[in-house]
Amino acid sequence: MSSFSTNLTLACSYHRSISEVCRRIGINRQQFNKYLNGQVHPSRHNMRRICDFIGVTESEMLMDESRFAQVIGLRRQPLDKPQLELPMFHLETLLARSSPVDRYEGYYFRYFYSFGNKGSIIRSLARIVVRDGRGYFKNVEVLRDPDTRRWIRTNKYQGVLFQLADRIQLFEYETMEMNSVTQMTLYPSYRSRVDYLLGIQTGGPTRRGRKPGASRVALEFLGTDISVPRAMRQTGLFHPDDPALRREIVEAIGNRIDPGAYVLEIDEP
């Protein structure tokens, strides 16, 4: 068995099952078994997907078994209390100065032009929860092809939000592969009933090789008690002229003629 297949087997042992790994990466189980058995080596594309999921580089994935075990063991090790004190101090300082965010609690559709699927709009399901005066954010992207509606992949995010200087600030991270962080700045709503929130987000797609960037974003309020399965069926990738999208939302996040004008990619130095 090659070092790659041995290292892949070790990495998979940190998860509940091989089936879960295959589902989250998006690789057929039969094909994945060939990688584990050392029968074939993955294509460059699949190698990148596997490395992104595990959280290592391609060169680290091909290390000898003992060195790879040390690398992945250290990265899976939880932080002890002293290591958490300083970052938590900064977060607590911001949260302590936050204005109340209770009025924004509930479910939302989130809209923005996709970085990885140019010209398409992502509609995902998000939720703001307030616990002990603190705001928390969850977001699930179930990406489906805009033409066939077939499932492509699922991304899940969690984070915190607070209101400072008349702006809602939101930070989230991708929880499945932990390879992406997004920051949003939203205008608060001054209406008696929240309709939607508009702002700017920075970050980038979860797939390797894509540039970080910024785009307009909108959160459309759905309510505090909804049918989550029904809402999830309405998520995915959409063409800007899809009748399923509200025109005012599409116009708020970009230009229908030139959506790229509202997505700024940052070049590498």
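For the structure itself, look to the data block above.
(A) Layout of the overall build of the protein chain. Along its length, the protein chain carries nine helices and ten strands. Scored against the burial criterion, the 269 residues of the protein chain give a buried share of 44%. In the protein chain, once contacts between residues fewer than 6 apart in sequence are set aside, the share between residues at least 24 apart is 54%. Split by element, the accessible area of the protein chain, about 15,000 Å² in all, is 51% carbon and sulfur.

(B) Spatial organisation of the nonpolar core. Core analysis: the biggest nonpolar cluster contains 22 residues, and L8, F32, I50, I54 and M61 have the highest contact counts within it. Only α1 (3-12), α2 (18-25), α3 (29-36), α4 (44-54) and α6 (65-76) provide two or more residues apiece to this core. Considering each element in turn, this core owes the most residues, five residues, to α4. Grouped together as the second largest cluster of nonpolar side chains are 21 residues, Y104, F112, I122 and L197 included.

(C) Summary view of α3. Along α3, the positions that sit buried rather than exposed are F32, Y35 and L36. End-on view of α3: buried residues confined to an arc of 100°, all on one side of the axis. Tucked into the core, α3 has its buried residues touching α1, α2 and α4. Backbone nitrogen of Q30 and a side-chain oxygen of the N-cap are separated by 2.8 Å at the start of α3; the cap is N28. One or two residues past the end of α3 sits G38, with phi positive at roughly 75°.

(D) Spotlight on the packing of α1 against α3. For the pair α1 and α3, interaxial distance at closest approach is 8 Å and the crossing angle is 120°. Between α1 and α3, the crossing angle belongs to the class labelled oblique. Touching F4, S5, L8, T9 and C12 of α1 are F32, Y35 and L36, all from α3. Of the residues in the contact of α1 with α3, the class split is six nonpolar, two polar and no charged.

(E) Inspection of the packing of α2 against α4 at higher detail. Relative orientation of the contacting elements α2 and α4 amounts to 115°, with a least axis distance of 10 Å. Relative to α4, the element α2 is oriented roughly perpendicular. The element α2 and its partner α4 pack so that their crossing is right-handed. Together, V21, R24 and I25 of α2 and R49, I50 and F53 of α4 make up the contact between the two elements. The class makeup of the residues in the contact of α2 with α4 is four nonpolar, no polar and two charged.

(F) Geometry of a nonpolar patch on the surface. Together, Y173, M178 and V181 make up a nonpolar patch on the protein surface, roughly 340 Å² of accessible area in all. Among the structural elements, M178 can be located in the loop between β5 (167-174) and β6 (181-186).

(G) Seen up close, the pairing of strand β7 (residues 196-203). By the alternation rule, side chains of β7 split into L197, G199, Q201 and G203, which are all buried, and Y196, L198, I200 and T202, of which none is buried. Note that β6 and β7 share four bridges and pair antiparallel. In the strand pairing of β7, Q183 is matched with T202. Direction of pairing for β7 relative to strand β8 (residues 213-223): antiparallel, over a ladder of eight bridges. When the sheet's bridge partners are listed, G199 is paired in β8 with V217.

(H) Structural detail: unusual backbone geometry. If you check the backbone angles, D132 has positive phi at about 55° while not being a glycine. Relative to the elements of secondary structure, D132 occurs in the loop between β2 (121-131) and β3 (134-144). Residue D132 is classed as exposed on the basis of its relative accessible area of 80%.

(I) Region of the structure containing the pattern of salt bridges. Evaluated as defined, the whole model comprises ten salt bridges. A salt bridge links E172 to R110, with the nearest nitrogen and oxygen atoms 2.8 Å apart. One end of the pair, E172, is in strand β5; the other, R110, is in strand β1 (residues 106-113), with 62 residues separating them in the sequence. Pair check on accessibility: E172 and R110 agree, each one buried. Between D195 and R246 there is a salt bridge, with its nearest N and O atoms 3.7 Å apart. With a gap of 51 residues between them, D195 in the loop between β6 and β7 and R246 in the loop between β9 (236-238) and α9 (247-253) connect regions that are remote in the sequence. Here D195 falls in the buried class, since its relative accessible area comes to 18%. Among the charged side chains, a salt-bridge network with shared partners connects D195, E220, R246 and E248.

The rules behind these values
Residues numbered from 1 in each chain as written. Predicted model: local features only at pLDDT ≥ 70, side-chain atom pairs only at ≥ 80, totals over all residues. Heavy atoms only, no water. Helix = DSSP H or I, 4+ residues; strand = E, 2+ residues; numbered from the N terminus. Buried < 20%, exposed > 50% of the residue type's maximum accessible area, 1.4 Å probe, protein only. Contact = heavy atoms within 4.5 Å. Areas by Shrake-Rupley, 256 points an atom, 1.4 Å probe, with all protein chains shown as cover. Core = buried A, V, L, I, M, F, W, Y, C linked by side-chain atoms within 4.5 Å. Arc of directions from axis to C-beta. Polar contact = N/O pair within 3.5 Å; in protein donor to acceptor, adjacent residues only side chain to side chain. Axes fitted to C-alpha atoms, helices over the stretch in contact; angles between N-to-C directions. Parallel < 35°, antiparallel > 145°, perpendicular 65-115°, else oblique. Nonpolar A, V, L, I, M, F, W, Y, C, P; charged D, E, K, R; others polar. Left-handed = near helix turned anticlockwise from the far one by under 90°. Patch = residues over 30% accessible without salt bridge, like charges linked within 9 Å, V, L, I, M, F, W, Y side chains within 5 Å. Salt bridge = Lys/Arg side-chain N within 4 Å of Asp/Glu carboxyl O. Pairing = 2+ DSSP bridges.

Interpretation note: all reported values are geometric properties and have no functional meaning in isolation.
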